[in-house]
Amino acid sequence: MGQDHCMKLVAIDFETADYAPDSACALGIVSIENGKIKKKGYGLIRPPRNRFVFSYIHGISWIDVKGQPVFVEVWDHFQELWKDADYFIAHNAAFDRRVLSSCCSSAGRRPPAPPFICTVRVARSHWNCRPANLPSVCRQLGIPLKHHDAASDALACASIALRARASCRSVAISME
């Protein structure tokens, strides 16, 4: 078995309330260990402001989150899923990395150290997906998706990563 088989990968997806990266209002998280999805989590987050610009995209409003925990409480609740991760995985990873970093900073925390793997880049390099937005990639790979639902988006990212890993392994095996 390859050395990557023992790596812990964590797919994450944030939905945000407004244009500020500290406005996370939902988190989907999926841990992959030993090449398999181990645990999944989802939580609504009360952002620092009650201004919601993107409700039309994800369907979450202030009414849905005003009684929910703040970011750091949700993040800590899922610590078992992301602790000791070797890599985080996200579709358009720059966005989710920026949200995570900003939310951690606002909470007085250091963001986790693991680097991010972007499944947009994975989809382009492994399958030449164009366009490489999440719905298109999922459609091409036959992965179920309820887009802009953080739990579904994170699970889709995890599935893309596992498919890419399997395709690399099958190429390596066929070349032996």
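This part covers the nonpolar core. One finds Ile12, Leu27, Ile29 and Leu100 to be the most contacted residues of the largest nonpolar core, which totals 36 residues. Sorting elements by how many residues they give to this core places helix α5 (residues 93-106) first, with five residues. Non-local contacts of Leu100, meaning those with residues more than four positions away in its chain, are made with Ile12, Phe14, Phe71, Trp75, Phe88, Pro112 and Phe116. Counting nine residues, the second-largest nonpolar core is a separate cluster that includes Leu9, Ile89, Cys157 and Ala161.

Read from one edge of the open sheet, five strands run β3-β2-β1-β4-β5, paired in mixed fashion. Both outer strands of the open sheet, β3 (36-44) and β5 (116-118), are each paired with one neighbouring strand and no more. Neighbour-to-neighbour, the strand axes of the sheet open up by a mean angle of 25°, direction not taken into account. Contacts between helix α6 (residues 119-127) and the sheet are confined to β4 (87-90) and β5, with β5 contributing the most and set at about 45° to the helix.

A word on the side chain of His58. Considering the arrangement of structural elements, one finds His58 in helix α1 (residues 55-58). With relative accessibility at 12%, the residue His58 sits in the buried group. Of the polar contacts made by the side chain of His58, one reaches the backbone oxygen of Thr16; its length is 2.8 Å. If we ignore the near neighbours within four places in the chain, the residues touching His58 are Glu15, Thr16, Cys25, Phe52 and His148.

Another point: the environment of Gly41. For Gly41, the location among the structural elements is in strand β3. A C-alpha to C-alpha distance of 10 Å links Gly41 and Gln79, two positions 38 residues apart in sequence. Once you skip the residues sitting within four places of it in the chain, Gly41 turns out to touch Leu27, Gly28, Ile29, Phe78 and Leu81.

Definitions and limits used
Residues numbered from 1 in each chain as written. Predicted model: local features only at pLDDT ≥ 70, side-chain atom pairs only at ≥ 80, totals over all residues. Heavy atoms only, no water. Core = buried A, V, L, I, M, F, W, Y, C linked by side-chain atoms within 4.5 Å. Buried < 20%, exposed > 50% of the residue type's maximum accessible area, 1.4 Å probe, protein only. Helix = DSSP H or I, 4+ residues; strand = E, 2+ residues; numbered from the N terminus. Contact = heavy atoms within 4.5 Å. Pairing = 2+ DSSP bridges. Axes fitted to C-alpha atoms, helices over the stretch in contact; angles between N-to-C directions. Polar contact = N/O pair within 3.5 Å; in protein donor to acceptor, adjacent residues only side chain to side chain.

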